[in-house]
Amino acid sequence: MRLLPSTRSFASSRIYDVVVVGGGNAGLCAAIMARQSGATVLLLEQAARDLRGGNSRHARNLRVAHRMPGRYMHGLYLPNEYWEDLIRVTAGQTNASLARSMIDQSAHVMPWMAQCGARFQSLRSGARRPSRKTVFLLGGGKALLNAYYLTAERLGIDILYETEVVSFHFDGGIARGVTALTGGAAATIHAKAFVVTSGGIQSDIDWLKRYWGDAADGFLIRGTAYAKGQILKDLLDQGAAPVGNPAQWHIVAVDARAPKFDGGIVSRIDCLPLGIVVDRNGRRFHDEGANIGPERYAIWGNLVAQCPSQIAYAIFDSKIDGLSRPSLYPPIRAPTIAELAAKLALNPSSVMATVDAFNAAVQNTLHGKSVSPGHTEYIAPLKSRWALPIDTPPFDCFPLRPGVTFNYLGVKVDQNAHVLMTNGRESPNTFAAGSIMAANVLGRGYLAGIGIAIGTVFGRIAGREAAYYANSGSHKDRAPRH
Ligand SMILES: Cc1cc2nc3c(=O)[nH]c(=O)nc-3n(C[C@H](O)[C@H](O)[C@H](O)COP(=O)(O)OP(=O)(O)OC[C@H]3O[C@@H](n4cnc5c(N)ncnc54)[C@H](O)[C@@H]3O)c2cc1C
């Protein structure tokens, strides 16, 4: 990184072509693209250097359309199938032209990413099950971000860490500058064009409380603590058009022992369909066999969010050992259900009564001499699949809490990633990419790998368009390139 002079003098002495707010995947794609398009670029990142990269650090794959099998993905994933998947998970809550364009462009991002230092997991490595729809990042999001930062530094992009942008200055819809808190003081930073990539709003617990009340105190945030949405709120207050449902959150069930922030993907609990889940009162509250696909994560996240004290307990016996992905934290283990309940500070008689009733209700399927999981009868809620009696010690438990991934509020953008205002006009020199505008494409639900895909495609567009605006001073008479 180039060392910058003291922030206040630096801020007042230089006008960059493009200022990028936020240094996650979308911000780095925008900054690098703007620089490659000939602009001088300053990137402002709220976190310190060792915590840079926002939620992007936690990602492991991205979803890209492709027309032939290759080194990193097998089979085909044509744009139409990607589109159908998107329509299914969003139930149609997507901007069709933005989504289609994002999908088409996802097919072309990998060579550029590789040129900027990204590396992908080869199918031949055997490190994971082959995927047809997503490509896995070698070293995960952290390695991706480190490579991008290195590229940015090599290209001469200036980077200011521990710099929190708090507001935009607009003049007739044109952004003239931002106020940032940096080095213990407020500074105004001017530029010809701005790209906003400051991520989501999910780490602002007070904001969460608007929708969840005090229950939000019991939530864990799976990603960065810096996703407080200051700039999203500021842009909306200043007339940017909102998109997405502010009351919708992507929440999954995570291990309750995970940290408040940044627990990442490893704290997610995979094995819920294999056991039973009880609440603080020792009672089951949902059919654990109902959801066995990837949608189960979000379903359980929302269910646990509605439990008393926002906590639940997944209980298993030793029959399921080795059947599911290992978890980050070891299970809490005991030789009897009563002792397990006591360790969890639950009422032993309630948990024992629940387990006994469950065991009595299990109808297993006999295959010759072996018994395979069946379903329950005569209890509520039923367990429709994977029901096996919980009777073989030792007994294990994973305590669960809701883990928030992101929420679905953002700013509206057009094909060129311009921020659109409520008056129907665009801000000609303000662009947005990544989580802050993802709800244009993903209005609800989730598709694995789409977060990084949206950030990469729109980050590149925003960087290129911001550079173009800065270099030409205008975007008029320009046909969209997509
Ligand atoms: C645990 C977890 C696993 C995930 N796994 C995947 C996956 O495998 N594949 C996938 O596609 N998606 C995944 N996602 C979603 C994905 O991480 C996001 O969609 C994506 O990272 C968003 O990128 P972004 O650049 O918009 O935001 P971020 O990466 O969050 O970056 C925003 C940046 O802005 C900075 N910032 C915030 N406010 C300010 C401010 N006021 N001033 C200056 N800087 C600011 C933050 O510090 C941060 O560095 C995962 C998310 C989580 C939490």
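Refer to the structure printed above.
Bear in mind that the values here come from a model prediction, so they are computed numbers and not experimental data.

## Focus: the overall build of the protein
Next up, step 1: In terms of helices and strands, the protein carries 12 helices and 20 strands.
Next up, step 2: Compactness check: the protein gives a C-alpha radius of gyration of 24 Å against a globular reference of 23 Å for 482 residues, within 12% of the reference.
Next up, step 3: For the protein, the C-alpha atoms occupy an extent of roughly 75 × 50 × 40 Å along the three principal directions.
Next up, step 4: Out of the 482 residues in the protein, the part that is buried amounts to 56%.
Next up, step 5: Pairs at least 24 apart in sequence give 72% of the contacts found in the protein among residues at least 6 apart.
Next up, step 6: Of the accessible surface of the protein, which amounts to about 19700 Å², a share of 54% is contributed by carbon and sulfur atoms.

## Some details on the site of the ligand
Next up, step 1: Close to the ligand lie 38 residues, the nearest being Glu 45, Ser 56, Arg 60, Ser 435 and Ile 452.
Next up, step 2: Ile 452 is positioned such that a nitrogen or oxygen atom in its backbone is 2.7 Å from an oxygen atom of the ligand.
Next up, step 3: For the ligand, whose free accessible area comes to 1000 Å², the fraction covered by protein is 96%.
Next up, step 4: Mapped onto the shell around the ligand, the elements with two or more residues apiece are helix H2 (25–36), strand S6 (163–171), helix H8 (230–237) and helix H12 (450–472).
Next up, step 5: Here the shell around the ligand is composed, by residue class, of 11 nonpolar, 23 polar and four charged.

## Focus: the nonpolar core
Next up, step 1: Membership of the largest hydrophobic core comes to 106 residues, with the highest contact counts inside it found for Val 18, Met 102, Met 113 and Phe 458.
Next up, step 2: With 12 residues, H12 is the largest single contributor of residues to this core.
Next up, step 3: Once residues lying within four places of it in the same chain are set aside, the contact partners of Met 113 are Leu 62, Ala 118, Phe 120, Leu 137, Leu 144, Tyr 148 and Thr 456.
Next up, step 4: Counting 21 residues, the second-largest nonpolar core is a separate cluster that includes Val 355, Phe 358, Val 362 and Ile 379.

## Digging into the environment of Ala 360
Next up, step 1: Relative to the elements of secondary structure, Ala 360 occurs in helix H11 (residues 348–361).
Next up, step 2: Its relative accessible area of 64% is what places Ala 360 among the exposed residues.
Next up, step 3: When the C-alpha positions of Ala 360 and Pro 246 are compared, they lie 44 Å apart, and in sequence the two are 114 residues distant.

## So, the state of the cysteines
In a disulfide, the sulfur atoms of two cysteines are held together by a covalent bond.
Next up, step 1: A complete count under the given rule lists zero disulfides for this structure.
Next up, step 2: Cysteine Cys 271 shares no disulfide, and the gap to the nearest cysteine sulfur, in Cys 397, comes to 10.0 Å.
Next up, step 3: The exposure class assigned to Cys 271 is buried, which follows from its relative accessible area of 6%.
Next up, step 4: Looking at Cys 397, the relative accessible area reads 0%, which means it is buried.

## With respect to the packing of helix H4 (residues 96–106) against H12
Next up, step 1: The interhelical angle for the contact between H4 and H12, taken along N-to-C directions, is 90 degrees, at an axis separation of 10 Å. When the axes of H4 and H12 are compared, the pair comes out roughly perpendicular. Residues Leu 98, Met 102, Gln 105 and Ser 106 of H4 form the contact with H12, whose own contacting residues are Ile 450, Ala 453, Ile 454, Val 457, Phe 458 and Ile 461.
Next up, step 2: Per-class residue counts for the contact of H4 with H12 are eight nonpolar, two polar and no charged.

## Thoughts on H12
The α-helix winds at 3.6 residues per turn, so residues separated by three or four positions along the chain end up facing the same way.
Next up, step 1: Its 23 residues place the ends of H12 32 Å apart at the C-alpha level, agreeing with the 33 Å of an ideal helix rising 1.5 Å per residue.
Next up, step 2: Here H12 lies mainly inside the structure; 19 of its 23 residues are buried.

## With respect to the packing of helix H3 (residues 79–90) against H4
Next up, step 1: H4 packs onto H3 with a crossing angle of 135 degrees between their chain directions and a minimal axis gap of 10 Å. In terms of orientation, H3 and H4 fall into the oblique class. H4 is crossed by H3, and the crossing has right-handed handedness. On H4, the residues that touch Pro 79, Asn 80, Tyr 82, Trp 83 and Leu 86 of H3 are Ala 96, Ala 99, Arg 100, Met 102, Ile 103, Asp 104 and Ser 106.
Next up, step 2: Taken together, the residues that form the contact of H3 with H4 break down as eight nonpolar, two polar and two charged.

## Here's the deal with the pairing of strand S11 (residues 249–255)
Next up, step 1: Most of S11 is tucked away: seven of the seven residues are buried.
Next up, step 2: Two elements, S11 and strand S17 (residues 395–407), share seven bridges in a ladder whose sense is antiparallel. Paired with His 250 across the strands is Phe 406, a residue of S17.

## With respect to a nonpolar patch on the surface
Next up, step 1: Among the surface-exposed residues, Met 68, Leu 76 and Leu 78 lie close enough to one another that they form a single nonpolar patch of about 280 Å² accessible area.
Next up, step 2: Residue placement: Leu 76 occurs in the loop between strand S3 (61–63) and H3.

## A word on the packing of aromatic side chains
Next up, step 1: For the structure shown, the criterion picks out 13 aromatic pairs.
Next up, step 2: Here the aromatic rings of Tyr 77 and Tyr 82 are separated by 5.2 Å at their centres, their planes lie at 20 degrees, and the arrangement is stacked. The exposure classification of Tyr 77 matches that of Tyr 82, with both residues buried.
Next up, step 3: The interplanar angle of 55 degrees and the centroid separation of 6.3 Å between the aromatic rings of Trp 112 and Tyr 148 together place this pair among those described as tilted.

## Observations regarding the side chain of Gln 202
Next up, step 1: Tracing the backbone shows Gln 202 in the loop between strand S8 (185–196) and helix H7 (205–212).
Next up, step 2: Once residues lying within four places of it in the same chain are set aside, the contact partners of Gln 202 are Asn 55, Leu 208, Ile 221, Ala 227, Trp 249, Val 404, Thr 405, Phe 406 and Asn 407.

Cut-offs and rules
- Residues numbered from 1 in each chain as written.
- Predicted model: local features only at pLDDT ≥ 70, side-chain atom pairs only at ≥ 80, totals over all residues.
- Heavy atoms only, no water.
- Helix = DSSP H or I, 4+ residues; strand = E, 2+ residues; numbered from the N terminus.
- Rg over C-alpha atoms; globule rule 2.2 N^0.38 Å.
- Buried < 20%, exposed > 50% of the residue type's maximum accessible area, 1.4 Å probe, protein only.
- Contact = heavy atoms within 4.5 Å.
- Areas by Shrake-Rupley, 256 points an atom, 1.4 Å probe, with all protein chains shown as cover.
- Near = heavy atom within 4 Å.
- Polar contact = N/O pair within 3.5 Å; in protein donor to acceptor, adjacent residues only side chain to side chain.
- Nonpolar A, V, L, I, M, F, W, Y, C, P; charged D, E, K, R; others polar.
- Core = buried A, V, L, I, M, F, W, Y, C linked by side-chain atoms within 4.5 Å.
- Disulfide = S-S within 2.5 Å.
- Axes fitted to C-alpha atoms, helices over the stretch in contact; angles between N-to-C directions.
- Parallel < 35°, antiparallel > 145°, perpendicular 65-115°, else oblique.
- Expected span 1.5 Å × (residues − 1).
- Left-handed = near helix turned anticlockwise from the far one by under 90°.
- Pairing = 2+ DSSP bridges.
- Patch = residues over 30% accessible without salt bridge, like charges linked within 9 Å, V, L, I, M, F, W, Y side chains within 5 Å.
- Salt bridge = Lys/Arg side-chain N within 4 Å of Asp/Glu carboxyl O.
- Phe/Tyr/Trp six-rings, centres within 6.5 Å; stacked < 30°, edge-to-face > 60°.

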